[in-house]
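# Summary of structural features
As a plain string of letters, each chain reads:
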Amino acid sequence: MTRTATISLTVNAELVTATVPVRQNLVDFLRHDLGLTGSHVGCEHGVCGACTLRVDGRTVRSCLMLAVQADGCQITTVEGLADQGLSHALQAAFTRRNALQCGFCTPGMLASALSYIDAGGDADRDAIRAHLSGNYCRCTGYQSIVDAICDTIQESRP
Amino acid sequence: MTGPLLRSDLFDRPNRYIGQPSPRADAARLLQGRGRFVDDVTLPRMVHAAFVRSPHAHARILSIDTDDGRAMPGVVAIYTGADLAAHVTPYVGVLTHMAGLRSAPQHPLAIDVARWQGEPVVMVIATSRALAEDACELVMVDYDPLPAVLDTEGALAPDATLVHPDFKSNLAWERHVTAGDIDAAFAQPGVRIVEREFRFGRHTGVTLETRGTVCDFDPSEQKLTVHYSGQAPHMMQVIFARHLDLAEENVRVISNDVGGSFGIKIHTYGDEIATAVAARLLRRPVKFIADRFESFVTDIHARDHLLRARLGVTDSGTIVGIDIDDMTGIGPFSMYPRTSAIECNQVLNLTGAPYVLENYRARGRVVFQNKVLSCQYRAVGHPIAMAVADGLVEDAARLIGMDPVALRLRNLMADDSYPRTSATGMKLDDLSHQAALRKLVQIMDYDALRADQIAARAKGIYRGIGFVSLVEVTNPSPMFYGIGGAPIASQDGATVRLDAGGALHVSSSVTEQGQGTNAILAQIAAGVFGVDLDRVKVTTGDTATTPYGGGTWASRGAGIGGEAMLQAATALKDQVLDVAAVMLQTTRDTLDIRYGAVTDLDGTDRMTLADLARTVYYRGNELPSDLKPELIATRHYRVTDFPFVFTNGAMAAHIEVDTETGFVKVLHVWAVEDCGRVINPLLVDEQIRGGIVQGIGGALYEECHYSEDGQMMNVTMADYMVPMAAEMPDITVAHIETPTKTSILGAKGAGEAGTGGAPAAVLNAVNDALHPLGASLWQMPMTPERVLTALYAAAT
């Protein structure tokens, strides 16, 4: 149970090589080994969405992926979101709409929202709600999050 | 000094922020992954705790063998309850003003007997959490299972197993309330009675960030530092000091970002206390972060009430009285230090509180059982009190053939009738039930919804409309806890400091768990003092650096913490103007502070605050020697004359019942809330919406299921249903602002009304939908199974 493996991956455009326990989750590796604490752990079995991030352009629950599985992958966490373009617009809309309270779900919520927008999703409230159904928020009641995503879509597609 | 503060001076100033929908300054940090939650804290030499927890609801602990665990590489220490008992004193969750409440001494780790599934029994410390969990597997505990007390009603049976044999029964507390003569009122000619049995399932908070702590002990100074995810740092400071026998001043409690709390993280949890003890024994930092399973079986649960309730009404629609009998199970101990009798007490105090009631009778009984401890969770008692009263009100409306809005308008307290008391003697003032309900009916377009309902029924679609008129207890005074001996401050303090650059640094003893506490404190300070909002920096959540106070709970942050900030900012403004008057060779009453500058009353700039502050701090030689500038002010505030400040509101739910599947879909919710002066409508509206969604969770989905031997069955987030985005409706929020006269700010709380009111509105809407089918349902959560069972019972 203490077996390790050495992995190389790109995290937020930075090449990382590390030796990790083979049983370690990707999110634990990012948080505790790399200090990227923006990805959060809420349930450890893929239900709450707090650890959602991008791996090779796909949206992944990083509590359901082992660190060793990320060998050779490109990972983008909330810390690696660009400070311009779509992700910045989305963050601004979240601020304007107060689409977060405690902020614990927020990094995962942003990742899911970006995947929806990137896939060409419309400013359709029901469709957005369905897409976010894997991201639990106990604070906001979701409405302001849906508002923020709608705003971002409408602003980005004149 | 100037004369008494005039509200208009504060709220109509040129650079006012109170009342503005300003986005939160700290949102950017959280949106960029820069939050600092307790699991983000890593300290040098830090080790990790995991716990062996009782697999039984009730069992004698015969022996504990830790040898194999201790031998495992990476294990630093293993402690049993007996090991820790020498270093920490047990605690008892009673308060003197809850007369008759009893509970037994509770230890951080169970000693001799485990009393619920999940109770911590052995603590393992290792160099990683994973290794600590591995070692937990090697610890052998031999249990002798005992019969478990599970269902609330059975707990008081003469032959019931006793959770605490010394007590001779499982009754923890009982209270009776009588006003008027309910039996005589119900016996009057023409009075008709509705009677129902209500059941409210056990549910829990499911904060997305689980509980956790990082404790560090410095033996050189006998100093304990606790990184705490919670709501009441000063309360926890006292508790750690008292039970670890440390000087209070040697305990520092720091609460950075908190990933949701809702009343969950404001109690004394054995695993967190044990972590502090371990840090002291090991002289190094120890981290404990609960996993989701641990959260479900140790975070406080709430509700779990069974009530029989009656309401009497005349044919013309006058409610003559309410009679309730409430029973609730609280687990094996009363939670320390706030106790587990408060929710029942609130049910007795609040049922029917919006209505003119001449006659009221209530009995409440609180019983021990072998389940997780229950205690104060968001909207303590309110969902029960509101659902019982307003459930019966709408049941009565159906009985006498009256519209539920009309029946309410006839019986709600008149808006011009305050101050007054409720039937239970609660002091009420500045409420607006009638106006709130009228506004609600208007914004929801009630008549159109009723027309839609009739049209839908013709097509076999069963929609329902349900209402609630509610009160919320906010801004508690010392009468809430302090009077009963709890180390819980009811006053809060605020400090406002003008720095050399002309910015304000403010600190407060109320805390931030996402509500936007820091944002509204900044708005108040900026607007009242006279600087731009972005020139205010806020510190909260640290016993070493903030004024002393209670924290944020019971919807007290804005009303109490905000008022302290208003008074501190006003005081600093007076002090700064005194200095400015000397420097400008004028009198203070000719000057103001606006947008970061000292100005004439017409707004003409005279000097910047930076110029003033730099002169004071760097070039004091330029000032007269008898001028002693103080560019910092602190004020404290507590509610006097009232035990707490009530708010009110009205809500409506529009739902659709699928009679084939029993599934209830919430189509829309409307809320009209009167929380007094609204400091930031953007934040308040989100509080209301989030609260309503939490209330919908309790009404439709959330329930802790137990097996017959006391195992909690749904201990994952896949099994315990919480509201997710797809099921939730859009929610329309509107306000009536009746400022409380208890403060200059006039703000009441807004944190819990949604959770307190939504279940009643949803219950009423479901029963409105089921009524044409002859069915009704009085149990929450209203699951598809229960809806179908009600429909089946009506059809057979």
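The structure presented is a predicted model; accordingly, all values stated were derived computationally and were not measured. (Residues numbered from 1 in each chain as written. Chains lettered and ligands numbered in written order. Predicted model: local features only at pLDDT ≥ 70, side-chain atom pairs only at ≥ 80, totals over all residues.)

## Digging into the overall build of chain B
A count of helices and strands for chain B gives 20 helices and 29 strands. Compactness check: chain B gives a C-alpha radius of gyration of 28 Å against a globular reference of 28 Å for 796 residues, within 12% of the reference. Expressed as lengths along the three principal axes of its C-alpha atoms, the size of chain B is roughly 90 × 75 × 45 Å. With 796 residues in all, chain B has 60% of them scored as buried. A sequence separation of at least 24 residues applies to 80% of the contacts in chain B between residues at least 6 apart. (Helix = DSSP H or I, 4+ residues; strand = E, 2+ residues; numbered from the N terminus. Rg over C-alpha atoms; globule rule 2.2 N^0.38 Å. Buried ≥ 20, exposed ≤ 12 C-beta atoms within 10 Å, placed from the backbone. Contact = placed C-beta atoms within 7 Å.)

## Digging into the overall build of chain A
What chain A contains, in helices and strands, is five helices and five strands. By the compact-globule yardstick of 15 Å for 158 residues, chain A fits well, its C-alpha radius of gyration being 16 Å. By principal-axis analysis of the C-alpha atoms, chain A measures approximately 50 × 30 × 20 Å. Counting all 158 residues of chain A, 55% fall into the buried class. Contacts spanning at least 24 positions in sequence make up 59% of the contacts within chain A whose residues lie at least 6 apart.

## Some words on the domain arrangement of chain A
Residue and element names in this part refer to chain A. Taken domain by domain, chain A consists of domain 1 (4-80) and domain 2 (85-156). For domain 1 versus domain 2, the distance between C-alpha centres works out to 22 Å. Listed per partner, the contact involves 13 residues of domain 1 and 11 residues of domain 2. It is strand β3 (residues 52-55) that contributes the most residues to the side of domain 1 that touches domain 2, three residues altogether. (Domains from an automatic or database assignment.)

## Digging into the domain arrangement of chain B
All names here are of chain B. Domains assigned within chain B are domain 1 (7-13 + 491-637), domain 2 (38-146 + 210-258 + 265-298) and domain 3 (382-390 + 400-475 + 641-795). Between domain 1 and domain 3, the residue contacts involve 17 residues of the former and 18 residues of the latter. At the level of secondary structure, the elements contributing two or more residues to the side of domain 1 that touches domain 3 comprise α1 (7-11), α15 (517-530) and α16 (557-583). It is α16 that provides the largest number of residues to the side of domain 1 that touches domain 3, a total of six residues.

## Observations concerning the sheet that holds strand β4 (residues 58-61) of chain A
Residue and element names in this part refer to chain A. If you walk across this open sheet you meet the five strands as β2-β1-β5-β3-β4, and the pairing is mixed. Edge positions in the open sheet fall to β2 (14-21) and β4, since each of these has one partner strand only. Sheet twist, expressed as the mean angle between neighbouring strand axes with direction ignored, is 40°. Where strand β1 (residues 4-11) meets β2, eight bridges bridge the pair, whose relative direction is antiparallel. Across the sheet, the residue bridging to L9 is V16, located in β2. (Pairing = 2+ DSSP bridges. Axes fitted to C-alpha atoms, helices over the stretch in contact; angles between N-to-C directions.)

## A closer look at the nonpolar core
Residues and elements named next belong to chain B. Formed by 308 residues in total, the largest nonpolar core has its most connected members in M123, V124, A525, M651, A761, V762 and V766. The leading source of residues in this core is α16, at 14 residues. For V124, the contacting residues outside a window of four places in its chain are A49, A50, V52, G69, V75, I78, A132, A135, C136 and V139. (Core = buried A, V, L, I, M, F, W, Y, C linked by C-beta atoms within 7 Å.)

## Concerning the interface of chain B and chain A
Taken residue by residue, the interface counts 42 residues in chain B and 39 residues in chain A. When residues of the side of chain B that touches chain A are traced back to their parent elements, those giving at least two are α2 (27-31), α18 (681-701) and β28 (730-735) of chain B. At seven residues, α18 of chain B tops the list of elements feeding residues into the side of chain B that touches chain A.

## Details of the sheet that holds strand β27 (residues 664-674) of chain B
The pairing of strands in a sheet comes from backbone hydrogen bonds and takes either a parallel or an antiparallel form. All names here are of chain B. Reading across the sheet, the four strands line up as β18-β26-β27-β28 and stay open at both edges, with mixed pairing between neighbours. Edge positions in the open sheet fall to β18 (462-474) and β28, since each of these has one partner strand only. Sheet twist, expressed as the mean angle between neighbouring strand axes with direction ignored, is 15°. When β27 meets β28, the two strands line up parallel, connected through six bridges. Bridged to V672 within β28 is A734. Across the sheet, helix α19 (residues 753-770) touches β18, β26 (645-657) and β27, and the angle it forms with β18 is around 155°.

## Details of α16 of chain B
The first and last C-alpha atoms of α16 of chain B sit 37 Å apart over 27 residues, in line with the 39 Å expected at 1.5 Å per residue. Of all 27 residues in α16 of chain B, 22 are buried; the element is thus mostly enclosed. (Expected span 1.5 Å × (residues − 1).)

## A short note on the environment of Q585 of chain B
Looking at where Q585 of chain B falls in the secondary structure, it is placed in the loop between α16 and β22 (591-594). The spacing of Q585 of chain B and R535 of chain B is 50 residues in sequence and 27 Å in space, taken between C-alpha atoms.

## Details of helix α1 (residues 26-33) of chain A
All names here are of chain A. The element α1 is largely enclosed, with a buried count of six among its eight residues. Regarding α1, the residues found buried are L26, V27, D28, F29, L30 and R31. Of the surrounding elements, those touching the buried residues of α1 are β2. Directly after α1, the chain includes G35, whose backbone phi takes a positive value near 75°.

## Observations regarding the environment of T783 of chain B
Residues and elements named next belong to chain B. Relative to the helices and strands, T783 is located in the loop between β29 (779-780) and α20 (784-795). For T783, a count of 19 C-beta atoms within 10 Å puts it in the partly exposed group. Between the C-alpha atoms of T783 and E702, which are 81 residues apart in sequence, the distance is 9.1 Å.

## Section: the packing of α16 of chain B against helix α17 (residues 609-618) of chain B
All names here are of chain B. It is at 11 Å that the axes of α16 and α17 come closest, and there the two elements cross at 85°. Taken together, the axes of α16 and α17 lie roughly perpendicular to each other. On α17, the residues that touch V576, V579, A580 and M583 of α16 are L612, T615 and V616. Among the residues forming the contact of α16 with α17, the class breakdown is six nonpolar, one polar and no charged. (Parallel < 35°, antiparallel > 145°, perpendicular 65-115°, else oblique. Nonpolar A, V, L, I, M, F, W, Y, C, P; charged D, E, K, R; others polar.)

## Quick word on the packing of helix α10 (residues 342-350) of chain B against helix α11 (residues 382-400) of chain B
Residue and element names in this part refer to chain B. Two elements in contact, α10 and α11, have axes separated by 8 Å at closest approach and are oriented at 35°. Two packed elements cross with a definite hand, and for α10 against α11 that hand is right-handed. Contacts between α10 and α11 involve Q346, V347 and L350 from the former and H382, I384 and A385 from the latter. Among the residues forming the contact of α10 with α11, the class breakdown is four nonpolar, two polar and no charged. (Left-handed = near helix turned anticlockwise from the far one by under 90°.)

## Some points on the environment of P107 of chain A
Within the fold, P107 of chain A resides in helix α3 (residues 106-118). The sequence separation of P107 of chain A and G38 of chain A amounts to 69 residues, and the corresponding C-alpha distance is 6.6 Å. The residues touching P107 of chain A, leaving out its near neighbours within four places in the chain, are G38, S39, H40 and V78 of chain A together with G33 of chain B.

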